[in-house]
Amino acid sequence: MIEVKDLHKAFGAIKAVDGVGFSARDGQITGLLGPNGAGKTTTLRMLYTLMQPDRGQILVDGIDAAADPLAVRRQLGVLPDARGLYKRLTARENIDYFARLHGLPENELAPRREALIKALEMEEIGDRRTEGFSQGQRVKTAIARALIHDPRNVILDEPTNGLDVMATRALRQFMLKLKAEGRCVLFSSHIMQEVAALCDRIVVIAHGRVVADETPQALREQTGETNLEDAFVKIIGSEEGLAA
Amino acid sequence: MNAVTANAKRASAFLTVFLKEVRENLRDRRTIVTALVTGPLVGPMIFALLLGSMLSRELDKAEQPLHVPVIGAERAPNLIDALKAGGIVPQAAIANPEQAVRRQDTDVVVRIGDNYAEAWRKGEPVQVELFYDSSQRDANTSVERVTRLVEGYARQQGAMRLVARGMSPGTAWPLQVARRDQATPQSRAVLMFAMLPYFFVITIFMGGMYLAIDLTAGERERQSLEPLFANPVPRWKILCGKLAAICAFSAASLLITLLAFAVVGQFIPAEKIGMELDLGLHFATYVSLLMLPLVLLLAVLQSMVAAFAKSYREAQTYISLLMLVPIIPSLLLSFMPIKAQAWMYAVPLLGQNLGIMQLLRGDGVTGEQLGLCLAGSLAAALLAVLATVQLYRSEKLAISA
């Protein structure tokens, strides 16, 4: 469960996030939708305590991020915007590194890692060095290392960015699996189809503010549009920065 | 989910970061070559080559016949005999002695004046000219050798004339200078080894350089710093693990170079020109001890500088500038022969420099000097660590784009 209340963050004169608030519940997929530069990544960065908000509160499973950032990070599995891997290490070594940083007990490490490698269908690349990995292989490795400690809450920043159709389909299936396991899944995207297909709840962000927070169905009813794409355009007020 | 097994074995974050960085960098050929081969071995090799050629040249000049063109040799057969007795081989006269010396065709030219024979017979003072170029350091030994022989001959002849007139030679030389050189064979070596401490510092520097860049600027450029900081580990612990990895590589560099110097030291014929060079175990132990806090200090400084840089390339530029800093004490000491004060040992780099020079002189390092050196450099290193920890807290550090 992730609760965000009235977040503000400015870089100099630019208000990147200007009063964002929403909740992402367990056993649901919550989509953060907005055009490029709407403040999605900055919001997520504050969630996983990489940045401190100027104002507002973040609660992850009831833990205040300002009071105990380490405990919050322990509750989160994060696929950040930056997905750099260590290219001189194999995929398995990359995953193990993060597992140990999470303090995963040594005897749980291997079973946990192998389960993820199987679930993400990356058996063939497990012992290869990550240098030269395709975008899809990189994202899989990054997701595996983000989930190695079995987190209750999963944050994915534009997870399907740069993936081909097959990889995107596989990733969506995986997200639905996470949801079925009862986790709280929060992901950002600027692709409407994706959000419409996956989300139980959609939070639309534009210009650093939440402009809608509804179920896909309610969103359509609210705008009077039967087509989600038209509904988004109506809410955001322009077509700029959105992809179908 | 979040199943916590109470007593299960867990890796420490510090050790995890340290081991991962060491393993990753052991797989990078450039880092390995720089830290474990070129960095530590080029210094001793240059040193051995320079010193070897320098020593053999000095030896050649001291022992071997010296060929000197003499103009007007036929006018002073006795002087020429005296020179020959001193190991000088007179060569045929040359037309333009000034030019020959300036063009380094020869180190020194002797010219005996036209009126030499006549004036000598009359007992009048005569002149012997020596042409040389004092800016050619290489020629100095030859010039000195010829000068000494000519002057010795003059003095001997003068004494004989006095004796012939029934006077004591002491009349003409009421004062005699007796030189008592206090230089030991070891302290004489010091002049030549003034740059040795710099070699050690540079080795440490090179050993850690690629790691320092890779672990901060490199990680940022590859966009792996953001996911790393999303782990539930305080940033200072991550930094400490990284620093330890840098220190491990630069310390390995230092050990290899000390070993190489010990080997090279065996082959330098220093004792032949009255020097003694001890680069053995005792020397190596003390140098490692003196350098230990410097290993940490340099690792931190490199990381700090690299953390300011936005890219790998930028970090490389900054760090090469930083490399010039350790030259300062070596230059200072070789141009301004200052007398070492106790406080100077507490200054990082300077203290190590003084300490190593003292070891080379064979004086050894006192406990007080060693203590000051370690304490001063360690304090500076810890301050730098604190400053870098602060730098690591910055929000901007993790953001790559």
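Conventions used here
Residues numbered from 1 in each chain as written. Chains lettered and ligands numbered in written order. Predicted model: local features only at pLDDT ≥ 70, side-chain atom pairs only at ≥ 80, totals over all residues. Helix = DSSP H or I, 4+ residues; strand = E, 2+ residues; numbered from the N terminus. Rg over C-alpha atoms; globule rule 2.2 N^0.38 Å. Buried ≥ 20, exposed ≤ 12 C-beta atoms within 10 Å, placed from the backbone. Contact = placed C-beta atoms within 7 Å. Domains from an automatic or database assignment. Axes fitted to C-alpha atoms, helices over the stretch in contact; angles between N-to-C directions. Parallel < 35°, antiparallel > 145°, perpendicular 65-115°, else oblique. Left-handed = near helix turned anticlockwise from the far one by under 90°. Pairing = 2+ DSSP bridges.

**Structural notes on the overall build of chain A**
Looking only at helices and strands, one finds 9 helices and 10 strands in chain A. The C-alpha radius of gyration computed for chain A amounts to 18 Å, which stays within 12% of the reference 18 Å derived for 244 residues, consistent with globular compactness. Taken along the three principal axes of its C-alpha coordinates, chain A extends 50 × 40 × 35 Å. Expressed as a percentage of its 244 residues, the buried residues of chain A come to 49%. In chain A, the share of contacts with a sequence separation of at least 24, taken over all contacts with a separation of at least 6, comes to 69%.

**Some details on the overall build of chain B**
Per the secondary structure count, chain B includes 16 helices and 4 strands. The C-alpha radius of gyration computed for chain B amounts to 31 Å, which surpasses the reference 21 Å derived for 401 residues by more than 25%, pointing to a less compact arrangement than a globule. Along the three orthogonal principal directions, the C-alpha set of chain B runs to about 115 × 45 × 30 Å. In chain B, which comprises 401 residues, the share counted as buried stands at 36%. When contacts within chain B are restricted to residue pairs at least 6 apart in sequence, those whose partners lie at least 24 apart make up 76%.

**Quick notes on the domain arrangement of chain B**
One can read the domain layout of chain B as domain 1 (13-55 + 187-398) and domain 2 (65-165). A separation of 52 Å is found between the C-alpha centroids of domain 1 of chain B and domain 2 of chain B.

**Digging into the packing of helix H10 (residues 235-267) of chain B against helix H15 (residues 367-392) of chain B**
Residues and elements named next belong to chain B. Closest axis-to-axis distance for the H10/H15 pair is 9 Å, and the angle between their directions is 125°. Taken together, the axes of H10 and H15 lie oblique to each other. Judged by the sense of rotation from one axis to the other, the crossing of H10 with H15 is right-handed. Contacts from Arg235, Trp236 and Leu239 of H10 reach H15 at Thr388, Val389 and Tyr392.

**Overview of the environment of alanine 110 of chain A**
Residue and element names in this part refer to chain A. Structurally, alanine 110 can be placed in helix H4 (residues 106-119). By the C-beta count within 10 Å, which is 12 here, alanine 110 ends up exposed. Counting along the chain gives 38 residues from alanine 110 to isoleucine 148, while the straight-line C-alpha distance between them is 9.9 Å.

**Looking at the sheet that holds strand E1 (residues 66-71) of chain B**
Residues and elements named next belong to chain B. The mixed open sheet is built from 4 strands, whose spatial order is E2-E1-E3-E4. With one partner strand each, in any of the chains shown, strand E2 (88-91) and strand E4 (128-132) form the two edges of the open sheet. Along the sheet, successive strands turn relative to each other by an average axial angle of 30°, direction set aside. In the sheet, E1 pairs with strand E3 (residues 108-112) via 2 bridges, with the strands oriented parallel. By the bridge assignment, valine 70 is partnered in E3 with valine 110. The sheet contacts of helix H3 (residues 77-85) involve E1 and E2, and relative to E2 the element is tilted by about 135°. Sheet strands in contact with helix H6 (residues 140-164) are E1, E2, E3 and E4, and its direction is about 175° off that of E4.

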